[in-house]
Amino acid sequence: MMQSTISTLPPYLSLAIWLPIIFGLIVLAVGRDTNAALVRVGSLIGAIVSFVATIPLITNFSNAAHGMQFVEKSPWIERFNIYYSLGIDGLSLWFVPLTAFITVIVVISAWQVIQKRVAQYMGAFLILSGLMIGVFCAMDGLLFYFFFEATLIPMYIIIGIWGGENRVYASFKFFLYTFFGSLLTLVAIIYLYKASGGSFDILMWHKIALTMKEQIFIFIAFFMAFAVKVPMFPVHTWLPDVHVEAPTGGSAVLAAIMLKLGAYGFLRFSLPIVPDASHYMAPFVITLSLIAVIYVGLVALVQKDMKKLVAYSSIAHMGFVTLGFFIFNNIGIQGAIAQMISHGFISGAMFLCIGVLYDQAHSRQIADYGGVVNKMPKFAALFIFFSMANCGLPATSGFVGEFMVILGATQFNFWIGLLAATALIFGAAYSLWMAKRVIFGKVANHHVAELVDINGREFLMLGILAVAVLYMGLYPAPFTDTMQTSVADLLAHVAHSKLPY
Amino acid sequence: MTTPLPQAVINMVPLSAEVALLVGTCAILLIDMFLSQGKRSVTYVLSLLTLLVCGALSYHDYAAGTTVYTFNGMFVSDPMSNLLKLFTYLTVGLTLVYSRQYADDRGMLSGNLGGEFYVLALFSTLGQMVMISGSNFLTVYLGVELMSLSLYALVAIRRDNHKATEAAMKYFILGALASGFLLYGISMLYGATGSLDIAHVATAVAAGTIKPTILVFGLVFLVAGLAFKLGAVPFHMWVPDVYEGSPTAVTLLLGGAPKIATFAICIRLLVEGLLPMAFDWQQMLMVLAVLSLAIGNLTAIAQTNLKRMLAYSTIAQMGFVLLGLLAGVAGTTDRTGASAAYSAAMYYTITYVLTTIGSFGVLMLLSRAGFEAETLNDFKGLSKRSGWFAVVMSILLFSLAGVPPMMGFAAKFSVLTAVLGTGQIWLTVLAVMFSLIGAFYYLRVVKMMWFDEPADNSPIVVKGDMSFALSLNGIAIIALGVLPGPLLAACLKAMTLTLNT
């Protein structure tokens with residue numbers, strides 16, 4: 001399976017990676033706080049151009065084709081046989097436009113809020129966007145690692161400069177937690193390079209035989225990086241702290257895209273490279289996922305801070321994703337990927353909503369709000385909509401992924417399915433309870449009384465996201481169709497033992 | 001009547017660069033005597049020109065790619081030595097550019113001192129070149145002494161400054177002790193093998209007829225002497241004090257280029273001379289490397305003085321160089337991958353030196369007449385005082401931490417690949433975990449520059465040449481990190497050619 005031929009199409013993937021990086025560098029180079037208006041317009045143009053550049057990927061994608069598409073390959077570091085090798089399949093396709101799309105939204109969201117160091121803010125997000133797209137496209141192990149690690153630098157700077165009061169602590173926690181995990185992955189990557197006789201080609205790694213002991217060690221090394229990034233229980237503790245301190249745009253990108261880097265890593269590395277260890281460790285991962293879904297869901301319920309609540313709900317939703325991966329059936333994995341895409345929209349939107357409130361009232365505490373609907377009807381409608389989507393209401397994108405994963409889990413084992421399904425209850429509880437306390441009721445205090453409804457810009461940015469959520473919820477076929485072949489291939493591959501005979 | 005010496009013995013062509021440097025330095029010394037105080041820039045330009053001429057000569061030899069012995073095998077010009085010399089000139093040249101204003105402000109170029117700063121720097125360079133090219137124990141020792149004596153004088157060049165005088169005293173005493181160790185080790189080996197010629201020693205040791213006790217005895221002293229010069233734990237006590245006490249310009253002269261030369265003599269003495277005893281020195285280097293990584297990284301965290309912090313970081317970085325050196329021969333005399341491992345260590349040394357001179361360059365940039373920038377607090381809010389140099393410094397620090405896309409990552413990756421090649425996974429994991437600890441204190445400086453408000457708002461005045469060189473240094477670190485292929489290949493080629501002759 002998974003043969004790849006060099007694509008004859010224009011280098012769409014390279015464009016998707018490098019356009020935002022080049023725009024970001026230009027913005028950094030010319031931007032000053034004196035020409036902030038120009039910087040905003042320039043960044044928006046850059047983000048939109050970068051997003052448009054990813055559209056051909058969707059239109060030219062062949063649903064039936066096996067293996068990688070849009071493949072690009074040229075030597076990079078010949079000394080170690082490392083290639084600049086790119087390609088996407090049904091597993092990674094949607095994350096490329098999603099990343100570029102969220103970047104456009106983030107640029108819009110920062111329009112009025114960010115007044116200091118505008119160029120650096122915009123530049124950092126554009127560069128970050130290119131780097132994250134690189135992670136999804138890299139087909140060379142070291143290239144993957146290169147992008148995976150490089151994303152830490154802009155995010156560290158974003159949290160540290162524009163974050164809240166405790167931003168320094170959060171930025172260090174973010175950097176060191178993820179750096180810890182990925183350093184072990186580096187060891188695993190070098191080990192695979194040796195084991196495969198000197199190749200960094202990920203598709204090559206899919207084929208090499210490994211003993212069970214090797215597989216388990218490699219699995220653990222990868223798991224360290226990806227589990228921290230996802231984040232899975234019990235290494236999730238960095239996420240709430242970081243979310244609380246990060247600026248709105250940072251939170252949105254972190255939740256919408258960065259968490260998916262880890263989940264994507266499971267699909268591209270852990271499952272196909274060490275299938276036997278993945279099967280062996282599956283009960284362990286499933287247990288952790290269920291703990292994330294149930295326990296972290298309950299933790300979300302008692303949060304007093306809105307951002308923390310959404311952060312914990314992200315962890316619970318990502319628990320669904322890892323659960324879907326490790327039950328090894330078609331509908332589970334498809335559901336998990338759908339959940340990743342949907343969570344990208346919804347969590348991004350939730351953080352942007354909280355950002356809108358915070359910009360006006362300067363508080364994230366649930367207790368400081370109440371009766372917002374009286375002052376901000378348009379905003380309240382959108383907020384309720386996204387809260388509904390967050391708890392997986394049918395006809396929103398949140399339902400598609402969760403439902404598929406629960407179906408898959410029930411096929412795999414009824415009790416696991418049952419436990420996963422309880423999340424729908426907890427999800428509804430924490431999302432709607434928060435919405436009730438913040439949005440409805442009487443106007444709680446003079447801060448709320450001074451709130452002004454969202455303007456056209458904010459309505460546009462939340463509106464686009466609402467349309468995306470609704471579209472994916474009502475008609476998920478375009479998303480699931482593209483991944484059919486790749487998921488089937490992946491499962492067929494994972495079903496074969498790689499133990500040497 | 002004496003017989004005329006054969007041409008092979010007095011062939012001066014291989015040492016054309018050394019001759020040029022010696023002649024140039026003597027000329028500068030004489031010319032400088034006739035220059036009035038204000039015309040010291042003539043000395044400066046002449047010194048750079050001399051280095052440029054040497055660079056051209058060495059490059060010519062390097063491009064030829066041949067190995068030529070002269071003076072009855074006491075001196076060798078091979079690809080490794082020429083490549084290392086090129087980087088030595090570059091480092092010394094950059095050092096002179098960075099330190100010009102700094103030295104001028106501190107009266108190191110005036111009064112009864114004159115151009116001694118430049119002349120001594122060039123003499124120490126000459127010593128380093130002799131070290132790099134020595135293929136006889138005596139030549140190596142001669143080079144070490146020429147370099148060290150010039151550096152002792154340089155550290156003490158501000159003789160009215162009590163801190164510098166104290167540093168000079170420490171450096172002199174401990175340096176003399178190290179030379180003593182080295183000499184004692186050499187004398188033991190001479191006694192055992194009856195030769196000072198490195199190639200003869202290698203053959204004699206390989207024959208296996210010499211009592212191992214006396215060889216190991218000599219080896220221990222040799223390794224201790226080298227460890228002193230590299231600043232590896234437990235022979236590191238001088239490093240922080242001397243780095244802190246010396247004028248920053250001199251710190252750069254003794255913390256930069258000499259590491260390249262010391263690396264070269266490690267290759268000459270241990271690999272070329274005592275490879276049959278690799279099993280013994282490997283274990284010594286392993287202890288040194290692990291201790292250096294541990295003590296260097298952990299102690300650096302506690303430092304508030306940036307020069308001391310960089311000193312401990314040097315110790316930790318030298319641990320990585322040692323890892324590369326010990327990975328060449330895995331337990332047995334199996335030499336596959338030997339040149340790969342040594343070239344990784346060589347690449348690491350070059351990376352370390354280029355990065356370190358840049359970071360000390362920024363330190364000198366922030367210093368002015370009557371003010372030494374050396375504590376962490378002096379870096380507070382640098383991004384607001386000079387955005388571009390904050391970017392440069394961040395690049396350098398991320399490179400030291402080994403985060404892609406900086407050059408430091410490529411270097412760490414090569415060394416780790418070599419170490420894993422020996423099958424010592426625990427050592428690889430240990431090394432990456434200490435890099436994680438290391439990342440913390442580098443990040444702390446980045447935090448100071450970007451997240452904090454400036455404590456000192458005096459404008460930063462930079463001369464054109466320094467601004468240009470420093471910018472180039474920063475860009476080079478990122479460019480060589482994104483495209484590390486050519487330099488890695490050059491190191492491998494030079495090392496392979498050198499070891500095969």
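Residues numbered from 1 in each chain as written. Chains lettered and ligands numbered in written order. Predicted model: local features only at pLDDT ≥ 70, side-chain atom pairs only at ≥ 80, totals over all residues.

> It is not clear to me how the overall build of chain B should be interpreted in this structure. Could you clarify?
Within chain B, the secondary structure is distributed over 20 helices and two strands. Dimensions of chain B, computed from the C-alpha atoms along their principal axes, are close to 70 × 60 × 40 Å. Counting the 501 residues in chain B, one finds 59% classified as buried. Look at the contacts in chain B between residues 6 or more apart in sequence, and 79% of them connect residues 24 or more apart. (Helix = DSSP H or I, 4+ residues; strand = E, 2+ residues; numbered from the N terminus. Buried ≥ 20, exposed ≤ 12 C-beta atoms within 10 Å, placed from the backbone. Contact = placed C-beta atoms within 7 Å.)

> Would you take a moment to explain the overall build of chain A for this structure?
Assigned secondary structure in chain A consists of 21 helices and two strands. Relative to a compact globule of 501 residues, whose C-alpha radius of gyration would be 23 Å, chain A shows 22 Å and is just as compact. Its C-alpha atoms give chain A principal-axis dimensions of roughly 75 × 55 × 40 Å. The buried share of chain A, taken over its 501 residues, is 62%. (Rg over C-alpha atoms; globule rule 2.2 N^0.38 Å.)

> Can you help me understand helix α14 (residues 338–366) of chain B in this one?
Residue pairs spaced three or four apart in an α-helix point in one direction, given the helix's 3.6 residues per turn. Taking 1.5 Å per residue as the helical rise, α14(B) with its 29 residues ought to reach 42 Å, and the 43 Å between its terminal C-alpha atoms agrees with that figure. By the criterion of burial, α14(B) is predominantly enclosed, with 29 of the 29 residues buried. (Expected span 1.5 Å × (residues − 1).)

> Where do I start with the packing of helix α6 (residues 152–162) of chain A against helix α18 (residues 425–451) of chain B in this structure?
Packed helices, taken two at a time, are described by their axes: the angle between them and the distance between them. Running from amino to carboxyl end, α6(A) crosses α18(B) at an angle of 50 degrees, the nearest separation of the two axes being 10 Å. When the axes of α6(A) and α18(B) are compared, the pair comes out oblique. For the element pair α6(A) and α18(B), the recorded crossing hand is right-handed. Across from Ile157(A), Gly160(A) and Ile161(A) in α6(A), the residues of α18(B) making contact are Lys447(B), Trp450(B) and Phe451(B). Residues of the contact of α6(A) with α18(B), tallied by class, amount to four nonpolar, one polar and one charged. (Axes fitted to C-alpha atoms, helices over the stretch in contact; angles between N-to-C directions. Parallel < 35°, antiparallel > 145°, perpendicular 65-115°, else oblique. Left-handed = near helix turned anticlockwise from the far one by under 90°. Nonpolar A, V, L, I, M, F, W, Y, C, P; charged D, E, K, R; others polar.)

> Even after reading the chapter, I still don't get the interface of chain A and chain B, so can you show me in this structure?
A common way to express how large an interface is: the accessible area buried when the components associate. Between chain A and chain B, the contact holds 28 residues from the first and 24 residues from the second. In terms of residues, the side of chain A that touches chain B owes the most to one element, helix α7 (residues 167–195) of chain A, which gives 15 residues. A breakdown of the residues in the side of chain A that touches chain B according to their chemical character gives 22 nonpolar, one polar and five charged.

> Just to check I follow, could you spell out the pairing of strand β1 (residues 69–77) of chain A for this structure?
When β1(A) meets strand β2 (residues 82–88) of chain A, the two strands line up antiparallel, connected through six bridges. Bridging from a neighbouring strand, Ile77(A) pairs with Ile82(A) of β2(A). (Pairing = 2+ DSSP bridges.)

> It is not clear to me how unusual backbone geometry should be interpreted in this structure. Could you clarify?
Most peptide bonds take the trans form, and the phi angle of most residues other than glycine is negative. Residues and elements named next belong to chain A. In this chain, valine 230 is followed by proline 231 through a cis amide linkage whose omega measures -15 degrees. Its location among the elements puts proline 231 in the loop between α9 (212–229) and α10 (238–245). In this structure, phenylalanine 328 takes a positive phi of about 50 degrees despite not being glycine. Relative to the helices and strands, phenylalanine 328 resides in the loop between α13 (306–325) and α14 (330–361).

> Would you take a moment to explain the confidence of the model for chain B for this structure?
Parts of the model with low pLDDT should not have their predicted coordinates read in detail. Summing up the model confidence of chain B, the mean pLDDT is 88 and the portion of residues at 70 or higher is 96%. For this predicted complex, the interface confidence reaches an ipTM of 0.90, while the overall pTM sits at 0.92. (pLDDT = per-residue confidence, 0-100.)

> Before we go on, may I ask you to explain the environment of Glu458(A) in this structure?
Turning to its location among the elements, Glu458(A) is positioned in helix α20 (residues 456–474). Taking the number of C-beta atoms within 10 Å as the measure of exposure, Glu458(A) has 22 and is therefore buried.

> I tried to follow helix α1 (residues 12–30) of chain A on my own but got confused; where do I start?
All names here are of chain A. Look at α1: 27 Å from first C-alpha to last across 19 residues, which is about the 27 Å you get at 1.5 Å a residue. Maximal helix bending in α1 amounts to about 30 degrees, located at tryptophan 18; proline proline 20 follows within four positions. Its buried side turned inward, α1 meets α2 (36–59), β1, β2, α3 (95–109) and α4 (118–137). (Bend = angle between axes of the 7 residues up to and from the residue.)

> Teacher, can you tell me more about the environment of Val228(A) here?
Residue and element names in this part refer to chain A. Looking at where valine 228 falls in the secondary structure, it is placed in helix α9. On the basis of neighbour count, valine 228 is assigned to the buried category, with 22 C-beta atoms found within 10 Å. Along the backbone, valine 228 and aspartate 276 are 48 residues apart, and their C-alpha atoms lie at a distance of 22 Å. Those residues in contact with valine 228 that sit more than four places away from it in its chain are Tyr177, Thr178, Gly181 and Val235.

> What am I meant to see in the environment of Pro234(A) here?
Residue and element names in this part refer to chain A. By the secondary structure assignment, proline 234 is in the loop between α9 and α10. Judged by local crowding, proline 234 falls into the exposed class, with 11 C-beta atoms found within 10 Å. Between the C-alpha atom of proline 234 and that of asparagine 166, which follows or precedes it by 68 residues, the distance is 23 Å.

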